[in-house]
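Spelled out from the first residue to the last, the chains are:
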Amino acid sequence: MVANPGTRPTGSNFADFARTFWKKQGQNIMLPLIGVLVFLVVWQLLSSTGLTRLPGPLSLVTEQRTRELLLYPFYDLGGLDKGLFWQTMYSLGRVAKGYTAAAVVGIGLGILVGTNQTINKAVDPIFQFLRMIAPLAWVPISLIALQNVQQAAIFVIFITAVWPILINTTVGVQQIPQDYKNVARVLQISPRKYFFKVLIPSALPYIFTGLRIAIGLAWLAIIAAEIVMSGVIGIGFFIWNAYQNNYVSEVILAVFYIGAVGLLLDRAMAYLQRMILPEEQR
Amino acid sequence: MSTFVAVDQIDKVFPLSGGGSYVALKGIDLHIKKGEFISLIGHSGCGKSTLLNMIAGLDLPTEGIVTLEGKLVKRPGPDRMVVFQNYSLLPWMSVRENIALAVDEVLAALPKQERRQIVEQHIQMVGLQHAADKPPGQLSGGMKQRVAIARALATRPKLLLLDEPFGALDALTRGNLQEQLMKICEENEVTAVMVTHDVDEAVLLSDRIVMLTNGPASKIGGILEVDIPRPRKRMDVVSHPSYYSLRSELIYFLNQQKRIKKLRAKKTTAIARHGLEKVNLELGFVPLTACAPIAVAKEKGFFAKHGLDEVSLVRETSWRGVVDGIAGGYLDAAQMPAGMPVWLTAGGHQDQPLPMVSALTMTRNGNAVTLARKFYEQGVYSATDFKRLILETPGQRHTLGMVHPSSMHNLLLRYWLATSGIDPDHDVSLTTIPPAQMVADLKAGTIDGYCVGEPWNLRAAVEGTGFTVATDLEIWLGHPGKVLGVREDWAIAYPNTHIALIKALLEACQYCADEANHQEIQQILSAKAYVGTSVDYIKLGDPNTQTCSLDQPMREYAHHLFYGEGVNRPSRTEHLWMMTQMARWGDIPFPRNWLEILERVCRVGAFSTAARELGMVDIKYHRGPIQLFDGAKFDAEDPISYLNALSVKRDFSVAEVMLDSRRTAA
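Residues numbered from 1 in each chain as written. Chains lettered and ligands numbered in written order. Predicted model: local features only at pLDDT ≥ 70, side-chain atom pairs only at ≥ 80, totals over all residues. Heavy atoms only, no water.

Scanning chain A from N- to C-terminus turns up eleven helices and zero strands. Within chain A, the fraction of its 282 residues that count as buried is 38%. Contacts in chain A between residues at least 24 apart in sequence constitute 67% of all its contacts with a sequence separation of at least 6. (Helix = DSSP H or I, 4+ residues; strand = E, 2+ residues; numbered from the N terminus. Buried < 20%, exposed > 50% of the residue type's maximum accessible area, 1.4 Å probe, protein only. Contact = heavy atoms within 4.5 Å.)

Structure representation (structure tokens):
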């Protein structure tokens, strides 16, 4: 079939487009939608039959307070009384700081450990030990050590996110193919050039894997950290506060936010990875 | 030209994780001239890549040194650029950037503009202008390897090292790239060392081919000079006369290595049984009609009858295989051309005297000289005619095939030619070819004639590609053909086994001589395990008239003698005659201690014991001088005067052959 757009009315053109799009993407869109819908309906039914005290998803709209929060995410009345968008942004800000620090330290240290077998042997047990400690366990330690809620929260993010980055970078550097190293040795490439032209590009896929795991962990950790550290603006503390006041549907709303943001962060990292890495390294 | 790269007495030992060590290379010595193309060939795991890496400096030898232009190689450097098997291109850079990375780093002294130019020029050289901006991931294997070669050459290395560069490519791409590489190397006078396992590739590209033996402790098993002129074209190379002999040499070497590996894995402990020291024998033979006694002894159970119930026959395609098997100690005994025991004892094989014992002559006669059909059409019916033809066509070089320097065929052919005034080394050229390959080579026109045992003369005549110009009748009727040969140390270690072996074969010879059995023996020999040819070509008695129809009038024919009066008993006079002939043509020096050698090689005593135990007391033998067709008498009393009296000969030398004292086998 030969398309001839010049003689066709635009309306039919659009319909054509919609049809082919639907043919290609229909399954990909419809099936997840149906899945979500079924999930919500079951949940609503469970709560309306009284099997659980948890309010159904409809309560997001029916509850007065929650509806306002849903409709006005950008309001700011000062203090802790802010719209959910701002709450999320504060949390994200903390994540950004902690995560950046984790990335810098993790990649830097990872390269050092990866290139030096001796250091690797010396520190590997420490790393393996520390990475097993849950984010929540770090909260009291960081509070005692730093004496500052803001900094402590960032530290918890950092310490949670740094391990996957560090370990993946180490592996990435260790896994540089011998062929590339041989090429560099034969050409007698300078260490600086080796670092930027061979080591980093070669280890990049591993580093990205680490970064992608870490971003998820960082986001998980911030919620946990904020719940424990009272008196900060952020979605984690918002949940805790809503729970204390028995605004259960607000908690549910905040949970939706958290899930959505986590999903977005992961997608963003995946996108970045795809943009930067050449095809055969993905 | 002086040495460019020198590899001196290199050993390489790898420590094993279990605590032991693995000797990969031992005593490698190699000198490479400037502009030479060298191939390293061997089976996988023989350490050829390790050797290349040590020349590159990527790996250091445990012992010994590598030098480039007199300077010690301690680390890798751009003057020894490597083309790796898996291309080793950086996937995050385009083709141009990959080459530029090397050029910028190695030729940093040049101005930027010039470096750009070099990069472009080399992209062009390998014909990749259209792909210069693509990352390697979008290129085919052949294109990637072209980039790798361009990258290597762009840095202007003194030495190009290629590690199986075309191993992962399809045949078509490989062929194209080989020609490109050859062109580039010739134009830029590159010195190169290439690791390969492809025999044809090695012959096509190399000036010299270094063959490595199997590990552990691999060493250089031999170096082949490829004398095919450059510039080479694939099709020209294939039709060059040296091509097939080089190729078969390489394949022989590789097969031999494989067999040695297998034999190493096999247990070789002697099994003593029935009062014999060793009943598990590996017995070598070459597929010829003359192998009939061995085949019969095996098939008709003569070996088992004499207690040798674990004899396995090893079918070698060439006499060289027999020599390597005996010298390497993985053949217990073998059927040999009559001159081989003396030849080995006098140091014909790698100048290492290897004392041999021969106590049985298994066949006589059965040889003939075959010439290509074209000579018949030109009226060549005798050696004199052949001489006339050579004089008439001075520009032409005639190549004749024979099977081994020490074989009767070589000696008889040379004698036949020399008696008619044809110098076998100057007027024609002689080349060594396995017996079974003669007919094919004659058909292909790479040789013009040959002297070989049956069935290969008969077959050429029947197929019409050649004709029998002389048989034993015209040269030496009743000459020894094949003998049984064992190492002296083996004979000393297993004396009773030796006698049993002689007895089994002597009985088999008797069986072969009985005309009633001929049809059966023909059937046995024509099987794949033995000669593997049509029954029609195998004649034990006189062939019928049609087989020699090219020859008019039909001459008499000297068929094989397997048993009879004076056939089987080893003769010192005959061995001495062969010794003088081999000395005459410069294959061995004439041993000053020829009496000692004859005494040690020719064991009449063992034969007599065997014959007596079989009750064959009435075997008579002929004593006295030997007389060949030209009437010249050979007297065993004074071989040196005989040698001096011959007109056509090489400058032979007389030397003491030092034999080690009779040692026993371990």
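Along the backbone of chain B there are 25 helices and 24 strands. When the 666 residues of chain B are sorted by exposure, 58% land in the buried category. Of all intrachain contacts in chain B linking residues separated by at least 6 positions in sequence, the fraction that spans at least 24 positions is 74%. Accessible surface computed for chain B: about 26,900 Å², of which carbon and sulfur atoms make up 50%. (Areas by Shrake-Rupley, 256 points an atom, 1.4 Å probe, with all protein chains shown as cover.)

Grouped together as the largest cluster of nonpolar side chains are 150 residues, with contacts concentrated most on A:Y99, A:W219, B:I99, B:L160, B:L181, B:I209 and B:L250. When near neighbours in sequence (up to four residues on either side) are disregarded, B:I99 contacts B:V119, B:I123, B:V147, B:A150, B:R151 and B:A154. Core analysis: the next-biggest nonpolar cluster, separate from the first, contains 130 residues, B:A295, B:M356, B:A508 and B:W594 among them. (Core = buried A, V, L, I, M, F, W, Y, C linked by side-chain atoms within 4.5 Å.)

A few words now on the packing of aromatic side chains. Considering all chains together, one arrives at 19 aromatic pairs over all chains under this definition. An aromatic cluster of three or more residues is present, and its members are A:F39, A:W43 and A:F256. Sitting over the ring of A:Y247, A:R65 keeps its end group 3.9 Å from the ring centre. Over the aromatic face of B:Y494 sits the side chain of B:K278, whose NZ or CZ is 6.0 Å from the ring centroid. (Phe/Tyr/Trp six-rings, centres within 6.5 Å; stacked < 30°, edge-to-face > 60°. Lys NZ or Arg CZ within 6 Å of the ring centre and 35° of its normal.)

Once that is clear, we can look at the interface of chain A and chain B. Interfaces are often sized by the amount of accessible area the parts lose when they come together. Taken together, the contact between chain A and chain B spans 19 residues of the former and 28 residues of the latter. As a salt-bridge pair, A:K193 and B:E105 come within 3.1 Å of each other at their nearest N and O atoms. Here chain A is connected to chain B by six residue pairs in polar contact (both at pLDDT 80 or more). For the side of chain A that touches chain B, the secondary-structure elements that each account for two or more residues are α8 (178-187) and α9 (191-228) of chain A. A total of seven residues in the side of chain A that touches chain B trace back to one element, the largest contributor, which is α8(A). Residue classes in the side of chain A that touches chain B are distributed as eight nonpolar, five polar and six charged. (Salt bridge = Lys/Arg side-chain N within 4 Å of Asp/Glu carboxyl O. Polar contact = N/O pair within 3.5 Å; in protein donor to acceptor, adjacent residues only side chain to side chain. Nonpolar A, V, L, I, M, F, W, Y, C, P; charged D, E, K, R; others polar.)

All names here are of chain B. By the criterion of burial, strand β16 (residues 398-402) is predominantly enclosed, with five of the five residues buried. Here β16 shows a buried face lined by H398, L400 and M402 and a second buried face lined by T399 and G401. Pairing between β16 and strand β17 (residues 428-432): five bridges, direction parallel. Bridging across to β17, T399 finds its partner in S429. Two elements, β16 and strand β18 (residues 449-453), share two bridges in a ladder whose sense is parallel. Across the sheet, residue L400 finds its bridge partner in β18, namely G449. (Pairing = 2+ DSSP bridges.)

All names here are of chain B. Per the counting criterion, the structure on display carries 38 salt bridges over all chains. Between E613 and K503 there is a salt bridge, with the nearest N and O atoms lying 2.7 Å from each other. Of this pair, E613 sits in helix α24 (residues 604-613) while K503 sits in helix α20 (residues 495-513), and the two are 110 residues apart along the sequence. Overall, E613 belongs to the partly exposed group, its relative accessible area being 48%. Several salt bridges converge on common partners, so that one network encompasses E186, D207, R230 and R232.

All names here are of chain B. Taking strand neighbours across the sheet as the criterion, the five strands line up as β12-β11-β13-β20-β14 in an open arrangement whose pairing is mixed. Every interior strand has two partners, whereas the edge strands, β12 (310-315) and β14 (356-364), have only one. Within this sheet the neighbouring strands show an average axis-to-axis angle of 25°, counted without direction. In this sheet, strand β13 (residues 333-337) lies alongside strand β11 (residues 280-285) in parallel orientation, the contact comprising two bridges. Its bridge partner lying in β13, G284 is registered against A334. (Axes fitted to C-alpha atoms, helices over the stretch in contact; angles between N-to-C directions.)

Below, the discussion takes up the environment of B:V126. All names here are of chain B. Relative to the assigned elements, V126 resides in the loop between α3 (112-125) and α4 (141-154). Judged by relative accessible area, V126 falls into the buried class, the value being 3%. Taking the C-alpha atoms as reference points, V126 and A148, separated by 22 residues in sequence, lie 9.9 Å from one another. If sequence neighbours within four positions are ignored, V126 has contacts with R146, A150 and Q180.

What follows is about the packing of α20(B) against helix α21 (residues 518-526) of chain B. All names here are of chain B. Viewed as axis vectors pointing N to C, α20 and α21 meet at an angle of 115°, and their least axial separation amounts to 8 Å. Contacts between α20 and α21 involve Y511, C512 and A513 on the former and, on the latter, H518, E520 and I521. Classifying every residue of the contact of α20 with α21 by side-chain character gives four nonpolar, one polar and one charged.

Residue B:P231 follows B:R230 across a cis peptide bond; omega there is -5°. Structurally, the position occupied by B:P231 is in the loop between β10 (220-225) and α7 (234-239). Phi is positive for A:Q147, close to 60°, though the residue is something other than glycine. Within the secondary structure, A:Q147 is located in the loop between α6 (135-146) and α7 (149-174). With a relative accessible area of 66%, A:Q147 lands in the exposed category.

To continue, consider the packing of α20(B) against α24(B). All names here are of chain B. Running from amino to carboxyl end, α20 crosses α24 at an angle of 60°, the nearest separation of the two axes being 9 Å. Taken as axis vectors, α20 and α24 run oblique relative to one another. In this structure, the crossing between α20 and α24 has a hand that is right-handed. Each of I499, I502, K503 and L506 in α20 lies in contact with α24, whose residues at this interface are A606, F607, T609, A610, A611 and E613. Within the contact of α20 with α24, the residues separate by chemical class into seven nonpolar, one polar and two charged. (Parallel < 35°, antiparallel > 145°, perpendicular 65-115°, else oblique. Left-handed = near helix turned anticlockwise from the far one by under 90°.)

Residue and element names in this part refer to chain B. When pLDDT is averaged across chain B, the result is 82; 94% of the residues are at 70 or more. Within the model, the stretch residues 544-554 combines pLDDT values under 50 with 14 contacts to residues more than four positions away or in other chains. Across the interfaces of the predicted complex, the ipTM metric reaches 0.72, alongside a pTM of 0.66. (pLDDT = per-residue confidence, 0-100.)

This part is about the sheet that holds strand β15 (residues 367-372) of chain B. By way of backbone hydrogen bonds, the strands of a sheet pair with one another, either parallel or antiparallel. All names here are of chain B. Spatially, five strands are ordered β17-β16-β18-β15-β19 in an open sheet, and the strand pairing comes out mixed. Two strands lie at the open edges of the sheet, namely β17 and β19 (466-471), each paired on one side alone. When strand polarity is set aside, the average angle formed by the axes of neighbouring strands in this sheet is 25°. Along the sheet face, helix α17 (residues 456-463) touches β15, β18 and β19 and points at about 130° away from the line of β18.

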